[in-house]
Amino acid sequence: MLAVPAEVGGVRWAAYRIPTDGPEADGTLEWDATTIVVVHVQAGGATGLGWTYAPAAAGHLIGEMLSPHVLGRSAWDVPAANAVMARAVRNAGRPGVAATAISAVDTALWDLKARLLGVRLATLLGPVRDEVPAYASGGFVNWPDNVLESWLEAHAGFGRAKIKIGGGPEEADHRRIDLARRVLGPDRELYVDANGAYTAKQAIRMATGFPDVRWFEEPVSSDDVHGLRRVRESVAADVAAGEYGYDLRYFARLAGSVDCLQADVTRCGGITDFMRVAALAAAEGLELSGHCAPALHVDVSLATPNLRHLEYFHDHARIESRFFDGVATVVAGGLLHPDLTAPGNGLTFKTGDAEPHLVAAG
Ligand SMILES: [Mg+2]
């Protein structure tokens, strides 16, 4: 089968700016829209689908700097395409937009390869499970209490829920955390994410006043590895970080300062690099948690032995269920249950439905 030549004959991208369904803010940022850059790659009569949540600049970078290196390459050799893309952006700088662009193309190429073989992408990667544990993520800091409460209740099917904290008075964080803890009841776990809004000393002080909180994400900036380590050594909750990891060395620097490493397949370099991050985490005795973009994480999560769970992020889950067919269903306890008989990642992008939100394409 692999002897059949299949050259990549097309790389198309399109950026869509999707308004949020309400106010969204965390401890350090506020936004009213999310841009998704969707990539389709073609070879041998099949089409692969990938994407990233990044500015339209990622799409332009794909057209200008990545496509020329991917077109004409064998569709079978995805890690080789990943390597040539990484080399191509050397002078532009890999971390940030370039890494999101590489991630979008890499995820599309893996999907393409699985579709060419007529197998589920997870089957190609090597599955270790057939459902993916996920946790509900939202609870934005600018939601009124009644919105927070109804969101927590609407996600009662998940055994864990994460809310945002930070950016305002400490009392407001304590009040919202206490409210969430009450609404969740004794059987559901509470996670919090400060998005780097606290200082280390403040995070430690705040955590001593937390009720039962199991996960404290980015208590300080993930660039502050010493601060993360201080917090990790002082609080009962698991300290997690890694969502801004754009290359493998970043995760290597972070690994000694967290209880659980996070990685985002739409930022870290795609499926090729997500699997490398998982191996790096395993070597450190750590589990890995997938950050956001739940639909795109499903297959690589099925193939990651040390996966803890996947972040079912409010904004992305909404976009993916609205604009993609084939998204995994959520079953009891917050397990994502994909249709493993569907080839590739099992997804189709509904181009027509997204058309009103198109901002750029190439
Ligand atoms: Mg986060």
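Data block above holds the structure.
A brief look at the structure comes next. If you're wondering where the values come from, they're calculated on a predicted model, not measured in any experiment.

### Let's talk about the pairing of strand E6 (residues 189-193)
Burial analysis of E6 places 4 of its 5 residues in the buried class, which makes it a mostly covered element. For strand E5 (residues 160-164) and E6, the ladder comprises 5 bridges, and the chain directions are parallel. By the bridge assignment, lysine 162 is partnered in E6 with tyrosine 191. Following the chain from E5 across helix H6 (residues 170-184) to the adjacent parallel E6, one finds a crossover that is right-handed. Here E6 pairs with strand E7 (residues 215-217) via 3 bridges, running parallel. Bridge pairing links tyrosine 191 to tryptophan 215 in E7. Viewed along the sheet, the connection from E6 through helix H7 (residues 200-208) into E7 turns out right-handed.

### Description of the coordination of the magnesium ion
Within the first shell, the magnesium ion binds the protein through Asp193 (OD), Glu217 (OE) and Glu243 (OE), at distances of 2.0 to 2.2 Å. If you list the donors of the magnesium ion from N- to C-terminus, the spacing comes out as D-x23-E-x25-E. Highlighted residues: glutamate 217 in strand E7 and glutamate 243 in the loop between strand E8 (238-241) and helix H9 (248-254), separated in sequence by 26 residues. Each member of the pair glutamate 217 and glutamate 243 is classed as buried.

### Section: the sheet that holds strand E16 (residues 358-361)
Ordered in space as E3-E2-E1-E16, the 4 strands form an open sheet in which the pairing is antiparallel. This sheet does not close on itself; its edge strands, each paired only once, are strand E3 (46-53) and E16. Adjacent strand axes in the sheet meet at a mean angle of 25°, parallel and antiparallel pairs treated alike. In the sheet, strand E1 (residues 10-25) pairs with E16 via 3 bridges, with the strands oriented antiparallel.

Conventions and cut-offs
- Going along each chain's sequence as written, the residues are numbered from 1 onward.
- Only residues with pLDDT of 70 or above have their local features reported here, since the model is predicted, and side-chain atom pairs are shown and tallied only from 80 upward, although totals for entire chains, interfaces and linings are computed over all residues.
- Only hydrogens and water are set aside when side-chain values are computed; all heavy atoms of the structure are taken into account.
- In this scheme, a residue with accessible area under 20% of its type's maximum is buried, one over 50% is exposed, and one in between is partly exposed, where area comes from a 1.4 Å probe on protein chains only.
- Each helix is a run of DSSP H or I of at least 4 residues and each strand a run of E of at least 2, with the numbering of both proceeding from the N terminus.
- Pairing between strands is defined by DSSP: at least two bridges between the two strands are required.
- With strands facing away from the observer, any crossover in which the path from the first strand over the helix to the second runs clockwise is taken as right-handed.
- Only nitrogen, oxygen and sulfur atoms qualify as donors, provided they sit within 2.8 Å of the metal or within 3.2 Å for Na, K and Ca; with water excluded from the atoms, sites may seem incomplete.
- Lines fitted to the C-alpha atoms define the axes, with helices restricted to the stretch that makes contact. Angles between their N-to-C directions range from 0 to 180 degrees.

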